[in-house]
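Chains, contacts and geometry: an overview
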Amino acid sequence: MSDHANRQRDARLRHALLNALHCQRGNQDGGWCTGRFLLDATTPYGIVGQGDRYEDDNHCIVLLRDLVNKGMAVEEDGRVDVDQPYRIDRHPLVDQVAQQD
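Each value, and the rule that gives it
Residues numbered from 1 in each chain as written. Predicted model: local features only at pLDDT ≥ 70, side-chain atom pairs only at ≥ 80, totals over all residues. Heavy atoms only, no water. Salt bridge = Lys/Arg side-chain N within 4 Å of Asp/Glu carboxyl O. Helix = DSSP H or I, 4+ residues; strand = E, 2+ residues; numbered from the N terminus. Buried < 20%, exposed > 50% of the residue type's maximum accessible area, 1.4 Å probe, protein only. Expected span 1.5 Å × (residues − 1). Polar contact = N/O pair within 3.5 Å; in protein donor to acceptor, adjacent residues only side chain to side chain. Contact = heavy atoms within 4.5 Å. Axes fitted to C-alpha atoms, helices over the stretch in contact; angles between N-to-C directions. Parallel < 35°, antiparallel > 145°, perpendicular 65-115°, else oblique. Core = buried A, V, L, I, M, F, W, Y, C linked by side-chain atoms within 4.5 Å.

1. A few points about the pattern of salt bridges
Inspection of the entire model under this criterion finds six salt bridges. Here Glu-55 and Arg-9 are joined by a salt bridge, their closest N and O atoms 3.0 Å apart. Residue Glu-55 is located in the loop between helix H2 (35-41) and helix H3 (57-69), and its partner Arg-9 is located in helix H1 (residues 3-24); the two are separated by 46 residues in the primary sequence. Given a relative accessible area of 55%, Glu-55 falls into the exposed group. Among the charged side chains, a network of salt bridges with common partners joins Arg-9, Asp-10 and Glu-55.

2. Observations concerning H1
If you check H1, its first and last C-alpha atoms are 31 Å apart, about what 22 residues at 1.5 Å a residue would give, namely 32 Å. Inspection of H1 places Arg-9, Asp-10, Leu-13, Arg-14, Ala-16, Leu-17, Leu-18, Ala-20, Leu-21 and Gln-24 among the buried residues, and these make up the whole buried set.

3. What about the side chain of Thr-42?
Counting through the fold element by element, Thr-42 comes out in the loop between H2 and H3. A polar contact is formed between the side chain of Thr-42 and the backbone oxygen of Leu-38, at a distance of 2.7 Å. A polar contact is formed between the side chain of Thr-42 and the side chain of Tyr-54, at a distance of 2.7 Å.

4. Re the side chain of Asp-52
On the secondary structure map, Asp-52 appears in the loop between H2 and H3. Every residue in contact with Asp-52, bar those within four places of it in the chain, is listed here: Arg-9, Arg-12 and Leu-13.

5. Things to note about the packing of H1 against H3
Taken N-terminus to C-terminus, the directions of H1 and H3 make an angle of 70 degrees; their axes are 10 Å apart at the nearest point. When the interaxial angle is binned, H1 and H3 end up roughly perpendicular. Counting all contacts with H1, which are made through Arg-9, Asp-10, Leu-13, Arg-14, Leu-17 and Leu-18, the residues of H3 involved are His-59, Cys-60, Leu-63, Leu-64, Asp-66 and Leu-67.

6. Notes on H3
Counted at 1.5 Å a residue, the expected span for H3 with its 13 residues is 18 Å, and the 18 Å between its end C-alpha atoms agrees. Considered for burial, the residues of H3 that qualify are His-59, Cys-60, Ile-61, Leu-63, Leu-64, Leu-67 and Val-68. Elements in contact with the buried residues of H3: H1, H2 and strand S1 (73-76). One side-chain oxygen at the N-terminal end of H3 lies 3.2 Å from the backbone nitrogen of Asn-58; it belongs to Asp-56. In the stretch just after H3, Gly-71 is the one whose phi turns positive, near 80 degrees.

7. What about the nonpolar core?
Among the nonpolar cores identified, the biggest contains 17 residues, and Leu-17, Leu-38, Tyr-54 and Cys-60 are the most heavily contacted of them. Of all the secondary-structure elements, those providing two or more residues to this core are H1, H2 and H3. In terms of residue count, H3 provides more of this core than any other element does, six residues in total. Once residues lying within four places of it in the same chain are set aside, the contact partners of Cys-60 are Leu-17, Leu-39, Tyr-54 and Ile-88.

Honestly, that's just the spatial picture; any functional story needs more than this.
Written out as structure tokens, the structure is:
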């Protein structure tokens with residue numbers, strides 16, 4: 001894929017992650033969900049179409065970090081020990097930042 005196509009795919013995947021976070025806002029955990037949940041919720045059988053897929057688990061983490069860095073989501077470190085590897089299964093809990101009007 002070209003760089004332009006990858007950027008467009010990543011934009012669609014970030015949008016799908018935001019949609020999944022938006023849908024999670026009303027759950028019993030107050031909108032918080034794990035990285036694995038978001039990955040599973042936005043796979044081809046979830047929100048994202050057949051053509052848009054994550055390259056691997058780390059690709060999903062990078063896109064989630066983009067949302068956090070842009071102030072569109074909040075993360076909390078869910079690892080028990082900080083020496084544990086940083087993987088999608090131990091990815092911080094993520095929540096969407098509420099829009100202020």
